[in-house]
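If you want the building blocks of each chain, they are given just below.
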Amino acid sequence: MKKQIELSYSFDALEPVIDTLTMETHYGKHHKAYTDNLNATIDATPEIQGKCVKSLLRNLELVPESARASIRNNGGGFLNHNLYFDTISPNPVKTPSGELAEKINSTFGSLEELKAKLIDASLKQFGSGWAWLAVNEETGELKVLQTANQDTTYALGYAPILGIDVWEHAYYLKYKNLRKSYVEAFLEIIDWEKVNKYYTKAINKNDSCH
């Protein structure tokens, strides 16, 4: 049984950046639905029972055709949201440190330039989808990526370490059509200590299975 990540903060703790109703709806309705649908698909498909969802998403062609679309959509939604909710905080560490900080500076020039690229990727993602900071587990390369719907960066050969959800359900109750305002505010509640942990796990190939 796959489980939603447990929040380390209350639904109202991210105010005013993310309002309580959006958190209740996003985590309690949308993320729960992806998780429930994923579990139902796994239960109905003996060939994938006991398998790592990340592995299934990396190798969708090996998933039985009857389950493939659900694993792509609901498995992706499950993992994407687990990362999303885990890397934000009402009391975030505002800057990366150590090897990740060095890698960001050498790749993008500075944290501010990375943030600008994440904003740009978020705004250029047409319709529903995500903007990502992801790492190639083999080379350690950092890259800003975009995916549509609930597609993941695993299918692109990268492990996600930070995700910005730009589906309308993530921001529309508060920000309406002002996606840029949401993304700019969201960047201020990213806990870079958590992002650093995901980065370290990925480059050490210790990215736990879910």
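Here, the structure is the one placed above.
Residues numbered from 1 in each chain as written. Predicted model: local features only at pLDDT ≥ 70, side-chain atom pairs only at ≥ 80, totals over all residues. Heavy atoms only, no water.

Asks: Hey, could you run me through the side chain of Asp151 in this one?
Replies: Considering the arrangement of structural elements, one finds Asp151 in the loop between strand 2 (142-148) and strand 3 (159-165). For Asp151, a relative accessible area of 19% puts it in the buried group. With near-sequence residues (within four places) excluded, Asp151 lies in contact with Arg72, Asn80 and Trp132. (Helix = DSSP H or I, 4+ residues; strand = E, 2+ residues; numbered from the N terminus. Buried < 20%, exposed > 50% of the residue type's maximum accessible area, 1.4 Å probe, protein only. Contact = heavy atoms within 4.5 Å.)

Asks: I tried to follow the packing of aromatic side chains on my own but got confused; where do I start?
Replies: Scanning the model with the defined rule gives 10 aromatic pairs in all. Measuring from centroid to centroid gives 5.8 Å for Tyr84 and Trp130, while their planes differ by 85 degrees, and the two rings are edge-to-face. With Tyr84 in helix 3 (residues 65-86) and Trp130 in strand 1 (residues 129-135), this pair connects stretches of sequence that are 46 residues apart. Judged by relative accessible area, Tyr84 falls into the buried class, the value being 0%. Ring centres of Tyr171 and Tyr182 lie 4.9 Å apart, and the angle between their planes is 15 degrees; on these two criteria the pair is classed as stacked. You can see Tyr171 sitting in the loop between strand 3 and helix 6 (172-175) and its partner Tyr182 sitting in helix 7 (residues 179-186), a full 11 residues away along the chain. A single burial state applies to Tyr171 and to Tyr182, both of which are buried. The ring of Tyr175 has Lys174 sitting right over it, with the charged end atom 5.7 Å from the ring centre. Lys201 extends its terminal NZ or CZ atom over the ring of Tyr198, reaching a point 6.0 Å from the ring centre. (Phe/Tyr/Trp six-rings, centres within 6.5 Å; stacked < 30°, edge-to-face > 60°. Lys NZ or Arg CZ within 6 Å of the ring centre and 35° of its normal.)

Asks: Any chance you could explain empty space enclosed by the protein here in plain terms?
Replies: Applying the stated criterion to the full structure yields one cavity of 30 Å³ or more. When its volume is computed, the largest cavity comes out at roughly 30 Å³. Lining the largest cavity are Ile5, Glu6, Leu7, Ser8, Tyr9, Phe85, Asp86 and Lys194. Among the residues making up the lining of the largest cavity, the classes are represented as four nonpolar, one polar and three charged. (1 Å grid on protein atoms, 1.4 Å probe; cavity = no way out; pocket = protein on both sides within 12 Å on 5 of 7 lines; lining within 4 Å. Points joined across faces, edges and corners; volume = space filled by probe spheres on them. Nonpolar A, V, L, I, M, F, W, Y, C, P; charged D, E, K, R; others polar.)

Asks: Mind showing me how you'd approach the sheet that holds strand 3 here?
Replies: In any sheet, the strands associate via hydrogen bonds between backbone groups, in a parallel or an antiparallel arrangement. What the three strands build is an open sheet, ordered 2-1-3; its pairing is antiparallel. Taken across any chain shown, the strands that pair with only one partner, and hence form the sheet edges, are strand 2 and strand 3. Between one strand axis and the next, the sheet turns by 25 degrees as a mean value, whatever way the strands run. Those strands touched by helix 3 are strand 1 and strand 3, and its axis lies near 80 degrees from that of strand 3. (Pairing = 2+ DSSP bridges. Axes fitted to C-alpha atoms, helices over the stretch in contact; angles between N-to-C directions.)

Asks: In this structure, what is going on with the packing of helix 5 (residues 111-124) against helix 7? I would like to understand it.
Replies: The angle between the axes and the distance between the axes are what describe a pair of packed helices. Viewed as axis vectors pointing N to C, helix 5 and helix 7 meet at an angle of 145 degrees, and their least axial separation amounts to 10 Å. Helix 7 is crossed by helix 5, and the crossing has right-handed handedness. Here Ile119, Ser122 and Leu123 of helix 5 come into contact with helix 7, specifically with Arg179, Lys180, Val183 and Glu184. Residues that form the contact of helix 5 with helix 7 fall into these classes: three nonpolar, one polar and three charged. (Left-handed = near helix turned anticlockwise from the far one by under 90°.)

Asks: Can you walk me through helix 3 in this structure?
Replies: Taking 1.5 Å per residue, 22 residues should reach 32 Å; helix 3 reaches 31 Å between its end C-alpha atoms and fits that length. A maximum bend of about 40 degrees is found in helix 3 at Ile71. In terms of residue burial, helix 3 counts as a mostly covered element, since 16 of its 22 residues are buried. (Expected span 1.5 Å × (residues − 1). Bend = angle between axes of the 7 residues up to and from the residue.)

Asks: Honestly, the environment of Ser110 in this entry has me stumped. Any pointers?
Replies: Along the polypeptide, Ser110 turns up in the loop between helix 4 (98-108) and helix 5. Overall, Ser110 belongs to the partly exposed group, its relative accessible area being 21%. Not counting the four nearest positions on each side in its chain, Ser110 is found in contact with Ile104 and Asn105.

Asks: Can you help me understand helix 8 (residues 192-203) in this one?
Replies: Along an α-helix, residues three or four apart share an orientation, since each turn contains 3.6 residues. With 12 residues, helix 8 ought to run about 16 Å at 1.5 Å a step, and its terminal C-alpha atoms sit 16 Å apart, in line with that. Among all positions of helix 8, only Trp192, Val195, Asn196, Tyr198, Tyr199 and Ala202 are buried. Looking straight down helix 8, one finds its buried side chains confined to an arc of 160 degrees; they lie on one side. Each element contacted by the buried residues of helix 8 is listed here: helix 3, helix 4, helix 5, strand 1, strand 2 and strand 3. Near the N-terminus of helix 8, the side chain that reaches the backbone nitrogen of Glu193, with its oxygen 3.1 Å away, is that of Asp191. Two residues or fewer past helix 8, Lys205 is found with a positive phi of approximately 55 degrees. (Arc of directions from axis to C-beta. Polar contact = N/O pair within 3.5 Å; in protein donor to acceptor, adjacent residues only side chain to side chain.)

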